[in-house]
Amino acid sequence: MNLRRDVFQAIADPTRRAILVLLAAQSMNAGAIAANFDSARPTISKHLQILTECELVKPDPQGREILYQLNALKFKDVDQWLEQFRKLWEIRFDQLDQVLNNMKNKKS
Amino acid sequence: MNLFFDFTIDKENQIIRVKREFAAPLKLVWDAWTQAKYLDQWWAAQGWKGQTISMEFKEGGRRHYRMDGPQGELFYGVTSYDKINLHQDYEGKELFADKEGNADSDYPQSVYTIVFQSQKEHTFIEHVTTYPDMEQLQAAIKYGFKDGCINAYSLLDELLVKS
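Keep in mind the model is a prediction, meaning the values are calculated, not measured.

Caption draft 1: Representation of the overall build of chain B in the model. Summing up its helical and strand segments, chain B has four helices and nine strands in all. Traced from its N-terminal end to its C-terminal end, chain B shows the element sequence β-β-α-α-β-β-β-β-β-β-β-α-α. Relative to its 163 residues, chain B shows a buried fraction of 47%. When the accessible area of chain B is evaluated, it comes to approximately 8100 Å², of which 46% is carbon and sulfur surface.

What follows is the structure in structure tokens.
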């Protein structure tokens, strides 16, 4: 099976990406997740199913309800996320260099 | 030109520290950080558009802005300005907000300080962000990469190659 392709398909959808972002902040049940979207509840359930199938999200049964959480194994490498943060700053600062250049040129 | 850049993470204390040199006098760098018309030109990363909705750069003031992504993504943020020493440093909070500018407590919050230092014709800044806990830091990183439009595919690609 091509797991990789599955994961790409999973995150190609903006709603599924948004669900991942929500779950990054905290684990939630399907109802709480759905409350953040205009889509019908079954649509959100389908998204959760796809995310679960490719192991980006893990269902965690808590009594009668199921909480969805990010799969720590897939996302465990915090350093890689941090590396993204560094890139974000690098990009910002390169843009700021440009803005400062324009400001200097305007002054002279 | 090679400009100094340093990025360090203190995971124990949930701190991200960024230092950067700019080839411009302090006054210009300060203005670029504290005036909406300039911030809108650089704060959002490639592909995204940042737009200040309202801004009052004074102690107790804040900037409310929106970020529009290349695929129709949209979110709102608030930067508060809690303490300001003109042309030296300022500090405040970074918050996710709604379109009216109400802070959303479900999303990551952080406290930042930024210090400006002049060195000849150049300016050095040190920007320090402190997150209340590791979960918030991790969440912010995910927002950060969303905010910054770092390509999710290449990121997962890296993760998958490693695993």
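Having seen the model, we can carry on.
Caption draft 2: The arrangement of empty space enclosed by the protein in detail. All names here are of chain B. What the rule picks out here adds up to two cavities of 30 Å³ or more. As a volume, the second largest cavity reaches approximately 100 Å³. Surrounding the second largest cavity, Trp33, Leu39, Trp43, Arg63, Thr79, Tyr81, Tyr90, Glu94, Tyr112, Ile114 and His127 form its lining. Sorting the residues of the lining of the second largest cavity by element identifies β5 (74–81), β7 (89–97) and β8 (110–119) as the ones contributing at least two each. In the lining of the second largest cavity, the residues fall into seven nonpolar, two polar and two charged.

Caption draft 3: A look at the sheet that holds strand β2 (residues 57–62) of chain A. All names here are of chain A. With antiparallel pairing, the three strands of this open sheet are ordered in space as β1-β3-β2. Edge positions in the open sheet fall to β1 (28–29) and β2, since each of these has one partner strand only. Note that β2 and strand β3 (residues 65–70) share six bridges and pair antiparallel. Counterpart to Val57 in the pairing with β3 is Leu70.

Caption draft 4: Just helix α4 (residues 41–53) of chain A, in detail. All names here are of chain A. The terminal C-alpha atoms of α4 lie 18 Å apart, and with 13 residues this matches the ideal 18 Å at 1.5 Å per residue to within 8%. What α4 keeps buried is the set Ile44, His47, Leu48 and Leu51. What you see down the axis of α4 is that its buried residues fit within an arc of 100°, all on one side. Every exposed residue of α4 that faces more than 90 degrees away from the buried side is listed here: Pro42 and Glu53.

Caption draft 5: Quick peek at the packing of aromatic side chains. Residue and element names in this part refer to chain B. Across all of its chains, the model carries 18 aromatic pairs over all chains by this definition. Plain terms: the ring middles of Trp33 and Trp42 are 4.8 Å apart, the flat faces sit at 70° to each other, and that makes the pair edge-to-face. The buried category is assigned to Trp33, whose relative accessible area is 3%. Residue classification places Trp42 among the buried positions, given a relative accessible area of 0%.

Caption draft 6: Layout of the pairing of β5 of chain B. All names here are of chain B. Burial analysis of β5 places seven of its eight residues in the buried class, which makes it a mostly covered element. Pairing analysis gives eight bridges linking strand β4 (residues 61–68) to β5, with the strands arranged antiparallel. If you follow Arg62 over to β5, its bridge partner there is Ser80.

Caption draft 7: Region of the structure containing the confidence of the model for chain B. Residues and elements named next belong to chain B. When pLDDT is averaged along chain B, the result is 80; 75% of the residues meet or exceed 70. The spread of mean pLDDT over the elements of chain B runs between helix α4 (residues 152–162), the lowest at 40, and strand β6 (residues 83–85), the highest at 98. In the predicted structure, residues 144–163 sits below a pLDDT of 50 and forms 52 contacts with residues beyond four places in sequence or in another chain. Across the interfaces of the predicted complex, the ipTM metric reaches 0.78, alongside a pTM of 0.63.

Caption draft 8: Structural detail: the nonpolar core. Formed by 36 residues in total, the largest nonpolar core has its most connected members in Leu100 of chain A together with Trp33, Tyr90 and Phe116 of chain B. The element contributing the most residues to this core is helix α6 (residues 78–107) of chain A, with seven residues. Once residues within four sequence positions are removed from consideration, Leu100 of chain A is found in contact with Phe22, Ala24, Leu28, Val29 and Ala32 of chain B. Grouped together as the second largest cluster of nonpolar side chains are 18 residues, Ala30, Leu48, Leu51 and Val57 of chain A included.

Caption draft 9: Layout of the pattern of salt bridges. All names here are of chain B. A complete count under the given rule lists nine salt bridges over all chains for this structure. Taking the shortest distance from any N to any O, the salt bridge between Arg17 and Glu126 comes out at 3.0 Å. Of this pair, Arg17 sits in strand β2 (residues 15–22) while Glu126 sits in strand β9 (residues 122–130), and the two are 109 residues apart along the sequence. Arg17 sits in the partly exposed class, given a relative accessible area of 31%. A relative accessible area of 26% places Glu126 in the partly exposed class. Residues Glu56 and Lys58 are paired through a salt bridge, measuring 3.2 Å at the closest nitrogen-oxygen approach. For Glu56, a relative accessible area of 44% translates into the label partly exposed.

What counts and what doesn't
Residues numbered from 1 in each chain as written. Chains lettered and ligands numbered in written order. Predicted model: local features only at pLDDT ≥ 70, side-chain atom pairs only at ≥ 80, totals over all residues. Heavy atoms only, no water. Helix = DSSP H or I, 4+ residues; strand = E, 2+ residues; numbered from the N terminus. Buried < 20%, exposed > 50% of the residue type's maximum accessible area, 1.4 Å probe, protein only. Areas by Shrake-Rupley, 256 points an atom, 1.4 Å probe, with all protein chains shown as cover. 1 Å grid on protein atoms, 1.4 Å probe; cavity = no way out; pocket = protein on both sides within 12 Å on 5 of 7 lines; lining within 4 Å. Points joined across faces, edges and corners; volume = space filled by probe spheres on them. Nonpolar A, V, L, I, M, F, W, Y, C, P; charged D, E, K, R; others polar. Pairing = 2+ DSSP bridges. Expected span 1.5 Å × (residues − 1). Arc of directions from axis to C-beta. Phe/Tyr/Trp six-rings, centres within 6.5 Å; stacked < 30°, edge-to-face > 60°. pLDDT = per-residue confidence, 0-100. Contact = heavy atoms within 4.5 Å. Core = buried A, V, L, I, M, F, W, Y, C linked by side-chain atoms within 4.5 Å. Salt bridge = Lys/Arg side-chain N within 4 Å of Asp/Glu carboxyl O.

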